Structures are given as C-alpha cells and as structure tokens.
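Analysis of the macromolecular model
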Amino acid sequence: MDWVERTAQLRQWTRSGVRAPHKPLLFLYALSRFQQDADGELRYSAVEQDLRRLLAEYGPGNRTTPAYPFHHLVSDGVWEVRTERGTGSPGTGVRELRATGAAGRLTPQLRTALRREPSLLGRMTRVLLDLNFPPSLHGELCEAVGLELEEAETGRFSAARRQRDRRMREMVLTAYEYQCAFCGYDGRIGAVPVGLEAAYVRWWAFGGPDDIDNGLCLCSLHHKLFDKGVLGIGEGHRILVSQSFVGRSTAAREHVITLAGRPVIGPQPGIRPIAAAHRSWHTGQVFHGSPRPATTA
C-alpha cells in the first residue's frame, strides 16, 4: 500500500478553493503522537482543546469543531476510532464523543508501516504540509503539533504534482522594486536583498498561479503575518489588519496596527497589481475576523 499517495488523496470538502485543513491538522497531530508513543490512543476529551487551538490558528476564519475530522478521517483508511462500546465512531456529535470515551489512533496497518520504515513519517508529513499550507508555516506547524523533523525536511517540499516556477521570487521582488509592499523595508547586504520574500496571495497549494498578480514582495515579518491571517489586502489595494490581532507594545503598533488602511506599496508602473480574485480568496480563506478601521496620523 502506498501510504504517501493515500495521504495526498485525503478526501476533503472542496469548493472554489475553500480551505478545509481539518483532516490534515488532525493527521499531523496523530503522526506527532505516534512519534511520542507508537501504541497510544488519543481520547477525544483529552485532545479536543489541542485540536481546537490548531483549527483556530491554522484553519480558515470560520470556526468548526474538531469532532468533524475526528470522525470523518476514518473514511480515509488511516485512522480508527473506538469507544467504550467497541470499534467505530459514534459520529460527529461532541457530547457523544465525550460521553462514550471515544479515542482515535492511526490504523494498525499504518502503524506497522511506520515502524518498519521510519522515514515514511517524514514523507507523509511533507505531503500534508505541501498540499495544505504555505512554506512559511511548515516549520512552525511542526513545532505546534510536536513533530520532530530535521530542518531539511521542513524547508523545501516536492510532493505536489506540479512544480513552482523558480523565477517567481525574482519576478515578484523586481516588480515591487525590492521593498516590502506593506512597510517599505528594503534591506541589503551589499547588493544582496535580505529579509525580503515573495509571498503568494492565493496559496500555491490551493491553485494559486505563478503570476505577478498573485505575488507580493514582503519582509519576513509581514509575510508570516500575511500567511497567518493577521494582514490582508482589501478594496483599493489597502492593507487590512485583523481586529483579532492584539499587541500593546510600541513595536506591535508601529509594525502592524498602524498599517490598517494604508495603500500597498507598488508594484512599479506597468506591472499588474494583485488580481481581485486572489485578494478575495485570501480575505475569505486566510484573513481572520474583521479588519480594523484605518488608523489616523
């Protein structure tokens, strides 16, 4: 059985690029727990809060219960659920999962395969990350679920069926004249830009094209905040800052909160700005909550 291929083909609810990372997040969490205790079970009532936090932080803005992936991942042949009554999930009802002592773990066949071939865990993890999250979040996600992978395994991933255009970074940085589109940062060491990255607006994992009108040149800080849904781009190409973001320090105010309502810097004349369809996708699938009102000088 090709477990990597099965991992890549998890059945997820999809419609017009809507994100549904619920199963991948539970699967990553389960792989981490297997790494810590290969025979242990995950009792729903004990892990519910962990899973809820992962969904809140790495899922789309609309909240959902972790009961759904806990039940539905069974259908993919990688996960099993037992209750005090025996084998089988009682459904997606939170109260029922708690009351019956529902506990899940990887299937016996998958556990056997992971014991026999230790490198399989890393390959499955790479698939889950590459097909569901942008590269800027891969290492952080591994830390969040407790997966211990070598740095090389959380850097470049090649599991997806199509390859990124390697020219994308240079095209985007050139289009924005090597400065962050949010804050204007343009640091260099000699002639080499440092701390500047090409961000996808509509994530590559969700059909985002390697086109200039789907890219932004951002500094490392604002790239991470953009991918985490703290920042976005609204009508008139003005910066959105989530009301959910809280920062009381001068640094948080100067580098994040005061961006609300500011126009995006660039791209240079003659280059297409961010396409409305990509902006809309990011606002609906990544940006968290409602935007703050524009700041006043």
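The sections below set out a description of the structure shown in this document. (Residues numbered from 1 in each chain as written. Predicted model: local features only at pLDDT ≥ 70, side-chain atom pairs only at ≥ 80, totals over all residues. Heavy atoms only, no water.)

**Some remarks on the side chain of H282**
Mapped onto the elements, H282 comes out in helix α12 (residues 276–285). For H282, a relative accessible area of 1% translates into the label buried. Among residues more than four places away in sequence, those in contact with H282 are V201, F226, L231, G232 and F287. (Helix = DSSP H or I, 4+ residues; strand = E, 2+ residues; numbered from the N terminus. Buried < 20%, exposed > 50% of the residue type's maximum accessible area, 1.4 Å probe, protein only. Contact = heavy atoms within 4.5 Å.)

**What about the packing of aromatic side chains?**
All chains considered together, the criterion is met by 6 aromatic pairs. When the ring of W203 is compared with that of F206, the centres are 6.4 Å apart and the planes differ by 55 degrees; the resulting orientation is tilted. Neither W203 nor F206 differs from the other in exposure class; each is buried. Each ring, one from F206 and one from W281, has its centre 5.9 Å from the other, and the planes form 35 degrees; the classification is tilted. Residue F206 is located in the loop between β7 (196–200) and β8 (215–219), and its partner W281 is located in helix α12; the two are separated by 75 residues in the primary sequence. Both residues of the pair, F206 and W281, count as buried. Members of the aromatic cluster, each reached through a chain of ring pairs, are Y44, F70 and W79. Above the face of the Y178 ring, R188 is positioned so that its terminal group lies 5.2 Å from the ring centre. (Phe/Tyr/Trp six-rings, centres within 6.5 Å; stacked < 30°, edge-to-face > 60°. Lys NZ or Arg CZ within 6 Å of the ring centre and 35° of its normal.)

**Remarks on unusual backbone geometry**
Cis rather than trans, the peptide bond between G266 and P267 has omega equal to 5 degrees. Tracing the backbone through its elements, the reader meets P267 in the loop between α11 (250–255) and α12. Although it is not a glycine, E177 sits at a positive phi angle of roughly 55 degrees. Note on placement: E177 falls in the loop between α9 (168–175) and β5 (188–189). Here Y178, not a glycine, exhibits a phi torsion of approximately 55 degrees, which is positive. Tracing the backbone shows Y178 in the loop between α9 and β5.

**Thoughts on the pairing of β8**
Among the 5 residues of β8, 5 are classified as buried, and the element is accordingly described as predominantly covered. In this sheet, β8 lies alongside β7 in antiparallel orientation, the contact comprising 5 bridges. Of the residues in β8, the one forming a bridge with A198 is C217. (Pairing = 2+ DSSP bridges.)

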